[in-house]
Amino acid sequence: MVDGTTTGGGNGDVPDGLTAAEVGMWQAFRNGTVYDLRTGVRDADDPHGGHPWGPGRSVRARIVAWLLLAGPPALDGRVSSLKLQGVQITDTLDLAGGTIEPYVELKDCRFEKEVLLPEAHFTTLRLVNCSVPRLEAARVHTEGDLHLPRSRFHTGVRLTDAHIGTDLLLNQAVAFRDRTGKSIAGDGMSVGQDLQAEMLETHGELSLRGATVGVSLSLRGSRLSNSHGQRALNAPQLTVERTLYLTPAGVGNSFLSNGTPARGTRVQRFECVGGLRLDDGRFGDAIDLDAARFTMRTDQEVSLRRVQTPELRFTCEGPERGLIVLNGAKVVNLVDKATSWPVAGQFRVNGFTYENLIPIGAFPLHRRLGWLSDATPEYRPEPYEQLANILRNAGEDADAREVLLAKQRRRRETLPVAAKVWGYIQDWTVAYGYRPGRAAVWMAVLWAVSAVAFSRADHPPLHKGEGPNWDPALFSLDLLLPVIDLGQAGAWQLRGGWQWLSAILIMLGWILATTVAAGATRLLRRN
């Protein structure tokens, strides 16, 4: 008995008390055929429109539940299944905890009230282009697919701890927020293969905390928006075995695009209005942010703290407000554009490690150094040393030295006055040893000037009749070269200003030698 007026049906006969629409659905179920109540008029058949659907297109939810949980046997040579098109289901469809063996596919249908599927078990469930007030499906289990493409959920979807055997399809679906502010709650969900949510539209938080996706997660062309909360996508500890796509989708394609749009195709980019959080996520192949657009308030973030992935394709559009945070992230290949990074103060990379740099378009070294400075408001040596090592491993030794020189200049600003002055001297003379050729230039200039000057100096011998012949060039060189003794400096007496000049040359020689030695030591240590 389903209600007070409906009996029978256990042996396959049509029960008493069914409406004409329900009788047709009952017979189509036994036959395994599609039950189509569409009129052929586009506006009248739109499940999301305002055109009323009368009793002739309506079936009761309890009759649908009866068919799925304890329906009649299939006709001989047939497989029973529920395939509805253009049908309105009245009242609440409650299948909580049930085991539904028949195949279920509802297209262009309208639900009057919420659909309750907690802890239900399905083989495959498809709700295509349906209007659903709310889908409650916590801990639902499907052996095959769960398809919800182009459907609209007026107060959200709950899929927490759901287990989807193969694919979860949300392409072109629209989900509005529930009373907790979530549009789709998928915390702890596991998807055996792909989670395709291309051109998805959400108005509330899309929550995938701790979710697991067996292959790829595609949000190509989706628009995630949460004007009432902090984040539009909240997915810490998300695990995707292959790639997370936050990239454009081709407009006009079928709802299974399966790839990057071909050249010349009109595209819709991925857009996130609100914060995005992927902290502690694991991605087997890549995180792809190509052409993604982030619209945030100043207190919101695109947070990729401690994510791990072989490749981060950071080729998005640089956000005007908000923060990009990569603290503690670990990637092998960093693919980026100079225009993708926001201005100084809007991104953080403390502890961010990467092994290879693959810039797209022009990204000259001076801009990369500016990027590094902008990303570290407080001086830290590790980001500079990491970049220098990557450049050196790529054979760009000159650029690596420029990076280490920039590191020393940045460090100098944190030192006390005396050390800062010494740093400026090292920089002006030999660029902290990273430009050793500059020392030779200084040495040559000082040698030439001092040799000309000493050629006019009064130079009585220290011991008459002893010592070498006077040679102002060798005398100047002897003063400039510490440690090395050419026998000139100690053989002659200089007085007055000449004595001061010789002392200055000795001091400058030691400064040049010390800075060259310090620079050489740093280079040897790095190598």
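Each remark here, short or long, concerns the structure printed above.
Residues numbered from 1 in each chain as written. Predicted model: local features only at pLDDT ≥ 70, side-chain atom pairs only at ≥ 80, totals over all residues. Heavy atoms only, no water.

> Help me out: how do you make sense of the overall build of the chain in this one?
When you go through the chain residue by residue, the secondary structure sums to ten helices and 44 strands. Counting all 527 residues of the chain, 49% fall into the buried class. Counted over contacts in the chain with a minimum sequence separation of 6, partners at least 24 positions apart contribute 51%. Just so you have it, the chain exposes about 23,900 Å², and 52% of that area is on carbon and sulfur atoms. (Helix = DSSP H or I, 4+ residues; strand = E, 2+ residues; numbered from the N terminus. Buried < 20%, exposed > 50% of the residue type's maximum accessible area, 1.4 Å probe, protein only. Contact = heavy atoms within 4.5 Å. Areas by Shrake-Rupley, 256 points an atom, 1.4 Å probe, with all protein chains shown as cover.)

> I would appreciate a short explanation of the environment of L278 in the present structure.
Along the chain, L278 falls in the loop between β35 (275–277) and β36 (282–283). Looking at L278, the relative accessible area reads 1%, which means it is buried. Here the alpha-carbon distance between L278 and L233, two residues 45 residues apart in the chain, equals 8.3 Å. Once residues within four sequence positions are removed from consideration, L278 is found in contact with L233, A235, P236, L238, L244, F283, S303, L304 and V307.

> Even after reading the chapter, I still don't get the side chain of T243, so can you show me in this structure?
You can see T243 is positioned in strand β31 (residues 243–245). Among all residues touching T243, those that are not within four sequence positions of it are V215, S216, L217, D285 and A286.

> For this particular structure, what's the right way to read the pattern of salt bridges?
Any two side chains of opposite charge can pair, so long as their charged atoms come close to each other. Going through the model one piece at a time under the given rule, you end up with 26 salt bridges. Salt-bridge contacts for R139 lead to E119; the nearest nitrogen and oxygen are separated by 3.0 Å. In this pair, R139 is assigned in the loop between β13 (135–136) and β14 (141–142) and E119 in the loop between β9 (115–116) and β10 (121–122), connecting sequence segments 20 residues apart. Among the residues examined, E119 registers a relative accessible area of 41% and is labelled partly exposed. E382 is paired through a salt bridge with R380; the nearest N and O atoms lie 3.9 Å apart. On the basis of relative accessible area, R380 is assigned to the partly exposed category, the value being 35%. Connected via shared salt-bridge partners are R134, E136, R158 and D178. (Salt bridge = Lys/Arg side-chain N within 4 Å of Asp/Glu carboxyl O.)

> How should I be thinking about the packing of aromatic side chains in this particular structure?
Evaluation of the coordinates by the stated rule reveals eight aromatic pairs. Aromatic pair W341 and W371: ring centres 5.3 Å apart, planes at 55°, arrangement tilted. Here W341, found in the loop between β42 (330–336) and β43 (347–348), pairs with W371, found in helix α4 (residues 365–375); they are 30 residues apart in sequence, far enough to count as distant. Accessibility classification places W341 together with W371 in one group, the buried group. Through pairs of rings, three or more aromatic residues link up here, namely F314, W341, F347 and W371. Here the guanidinium or amino end of R220 rests over the ring plane of Y245, the centre of that ring lying 3.9 Å away. (Phe/Tyr/Trp six-rings, centres within 6.5 Å; stacked < 30°, edge-to-face > 60°. Lys NZ or Arg CZ within 6 Å of the ring centre and 35° of its normal.)

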